[in-house]
Amino acid sequence: MSSQDRTSSRRARILKISAATSAGALFLSGCSSEAQTGWLPSDRDTTNHTGRIIDLWVNSWIAALAVGILTWGLILWCMVAYRRRKNETGYPRQLSYNLPLEIFYTAVPLFMVLVLFYFTNQDIKAINATSNDPDRVIIDVRAKQWSWDFNYVNEDKYYQGTQVNLDGNEVSADEFPTLVLPVDKTIELQLNTRDVQHSFWVPAFLQKMDIYPGRTNVITLETGKTGTFDGKCAELCGEYHSEMLFNVEVLPEDEYDDYVAGLPSGQVTGEYDRTYNSESSEVRR
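Since the structure is predicted, the reported quantities are computational estimates derived from the model, not experimental observations.

Draft legend 1. Region of interest: a negative patch on the surface. Where like charges cluster on the molecular surface, the negative patch consists of Glu253, Asp254, Glu255, Asp257 and Asp258. Looking at the element boundaries, glutamate 255 is found in helix 5 (residues 253-261). Its relative accessible area of 42% is what places glutamate 255 among the partly exposed residues.

Here you go:
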């Protein structure tokens with residue numbers, strides 16, 4: 001066996017060992033719960049949407065990883081297969097065009113983009129779908145600089161948040177405004193703002209929606225597990241934007257009913273809202 005053959009055989013063994021090691025590491029990492037959810041800050045049962053969002057996220061990364069492995073494999077193969085051999089001089093044979101290859105290079109990325117668009121569009125439509133369930137819980141969420149108000153429309157009750165931590169002193173999360181929801185119920189969150197643009201974001205719900213002056217945006221979801229989750233404004237809204245935090249507490253239905261019964265009656269009106277050119281709010285469902 002020539003030295004060139006021995007070198008090629010050694011290189012092939014190294015590539016096989018590397019590929020096997022990488023595949024094994026990937027397989028083992030997939031056994032962890034964090035890997036199965038794509039390291040997202042939630043699990044499949046937090047709401048009726050989180051499982052769908054996790055699947056889209058994880059499958060997109062799997063597709064990206066497969067494309068990356070194939071691309072790097074082809075690059076490495078070309079580097080080895082078409083390297084300059086000993087005693088070779090000049091440039092290799094040049095090809096002016098290769099129509100089948102060019103069609104392939106155009107069609108494959110286009111197909112990949114269309115597939116990703118199709119599944120993403122299907123999930124977006126499902127996530128943004130609204131419900132006409134007469135038993136749904138309707139909550140009017142009103143963002144303001146720099147806190148939150150919550151109107152429990154069905155029960156004609158309200159919670160009015162106060163600005164916290166505006167003096168530079170650290171405060172406990174227990175003092176944050178709290179949005180309380182019942183578990184296993186369809187929730188309609190009607191998002192409004194009293195002043196500038198804000199954004200409603202609960203990372204554990206894997207959903208975020210901007211809130212614009214003069215317009216009502218809607219998030220519809222079904223809670224799936226009890227617990228307390230962090231919420232925040234995700235749109236730069238002024239000097240104390242970083243303090244615009246809130247809690248979301250999902251309770252059993254009887255505890256939710258007891259909580260709402262203890263709130264003040266009525267609704268937080270728009271008397272303190274800033275006025276804009278729009279005559280009325282437009283509800284976007």
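Don't stop here, the text continues.
Draft legend 2. Focus on the sheet that holds strand 6 (residues 198-202). Pairing is mixed in the open sheet, where five strands are placed in the order 4-10-9-6-7. The open sheet has two edge strands, strand 4 (178-182) and strand 7 (207-211), and neither has a second partner. In this sheet, neighbouring strand axes are inclined to one another by 20 degrees on average, regardless of whether the strands run parallel or antiparallel. In this sheet, strand 10 (residues 245-251) lies alongside strand 4 in parallel orientation, the contact comprising five bridges. Its bridge partner being in strand 10, proline 182 is matched across the sheet by leucine 251.

Draft legend 3. Quick peek at the nonpolar core. If you look at the biggest cluster of nonpolar residues, it comprises 34 residues, and the most contacted ones within it are Trp148, Leu189 and Phe200. By size, the runner-up hydrophobic cluster in this structure holds six residues, among which are Leu40, Ile53, Ile54 and Leu206.

Draft legend 4. Here's a closer look at the packing of aromatic side chains. Under the defined criterion, the tally for this structure stands at 13 aromatic pairs. When the ring of phenylalanine 104 is compared with that of tyrosine 105, the centres are 6.0 Å apart and the planes differ by 50 degrees; the resulting orientation is tilted. For phenylalanine 104, a relative accessible area of 49% translates into the label partly exposed. For tyrosine 105, a relative accessible area of 53% gives the class exposed. Ring centres 6.4 Å apart and planes at 70 degrees place the aromatic pair tyrosine 152 and tyrosine 259 in the edge-to-face group. Separated by 107 residues along the polypeptide, tyrosine 152 in strand 2 (residues 147-152) and tyrosine 259 in helix 5 bring together distant segments of the chain. The class for tyrosine 152 is buried, based on a relative accessible area of 0%. Through successive ring pairs, a cluster of aromatic residues spans Trp148, Phe150, Tyr159, Phe200 and Phe246. Lysine 208 extends its terminal NZ or CZ atom over the ring of tryptophan 201, reaching a point 5.2 Å from the ring centre.

Draft legend 5. Looking closely at the pairing of strand 1 (residues 137-144). With respect to burial, strand 1 is a largely interior element, eight of its eight residues being buried. Burial along strand 1 is two-sided: Val137, Ile139, Val141 and Ala143 facing one way and Ile138, Asp140, Arg142 and Lys144 facing the other are all buried. As paired strands, strand 1 and strand 5 (residues 186-193) are joined by seven bridges and run parallel to one another. The residue of strand 5 that forms the bridge with isoleucine 138 is glutamate 188. Of the pairings in the sheet, the one linking strand 1 to strand 2 comprises six bridges and is antiparallel in character.

Draft legend 6. Highlighting the pattern of salt bridges. Enumeration over the complete set of coordinates arrives at seven salt bridges. Residue arginine 142 is joined to aspartate 140 by a salt bridge in which the shortest nitrogen-to-oxygen separation is 2.7 Å. There is no split in this pair, since arginine 142 and aspartate 140 are both buried. For aspartate 149, the salt bridge is made with lysine 144, and the minimal N-O distance between the two is 2.8 Å. According to the relative accessible area criterion, aspartate 149 is buried, its value standing at 1%. Through salt bridges that share partners, Lys144, Asp149 and Arg194 make up one connected network.

Draft legend 7. Here's a closer look at the environment of glutamate 253. When you line up the elements, glutamate 253 lands in helix 5. What makes glutamate 253 partly exposed here is its relative accessible area of 41%. Measuring from C-alpha to C-alpha, the distance between glutamate 253 and valine 183 comes to 6.3 Å, with 70 residues separating the pair along the chain.

Draft legend 8. Representation of the pairing of strand 4 in the model. Summarising burial for strand 4: five of the five residues are buried, a large majority. Here strand 4 shows no split at all, with Thr178, Val180 and Pro182 on one side and Leu179 and Leu181 on the other all buried.

Draft legend 9. Spatial organisation of the environment of serine 60. Position of serine 60 among the secondary structure elements: in helix 3 (residues 50-81). A sequence separation of 60 residues divides serine 60 from threonine 120, and the C-alpha atoms of the two residues are 9.5 Å apart. At 2.7 Å, the side chain of serine 60 and the backbone oxygen of leucine 56 are in polar contact.

Cut-offs used in this document
Residues numbered from 1 in each chain as written. Predicted model: local features only at pLDDT ≥ 70, side-chain atom pairs only at ≥ 80, totals over all residues. Heavy atoms only, no water. Patch = residues over 30% accessible without salt bridge, like charges linked within 9 Å, V, L, I, M, F, W, Y side chains within 5 Å. Areas by Shrake-Rupley, 256 points an atom, 1.4 Å probe, with all protein chains shown as cover. Salt bridge = Lys/Arg side-chain N within 4 Å of Asp/Glu carboxyl O. Lys, Arg positive; Asp, Glu negative; His and termini not counted. Charge placed at Lys NZ, Arg CZ, Asp CG, Glu CD. Helix = DSSP H or I, 4+ residues; strand = E, 2+ residues; numbered from the N terminus. Buried < 20%, exposed > 50% of the residue type's maximum accessible area, 1.4 Å probe, protein only. Pairing = 2+ DSSP bridges. Axes fitted to C-alpha atoms, helices over the stretch in contact; angles between N-to-C directions. Core = buried A, V, L, I, M, F, W, Y, C linked by side-chain atoms within 4.5 Å. Phe/Tyr/Trp six-rings, centres within 6.5 Å; stacked < 30°, edge-to-face > 60°. Lys NZ or Arg CZ within 6 Å of the ring centre and 35° of its normal. Polar contact = N/O pair within 3.5 Å; in protein donor to acceptor, adjacent residues only side chain to side chain.

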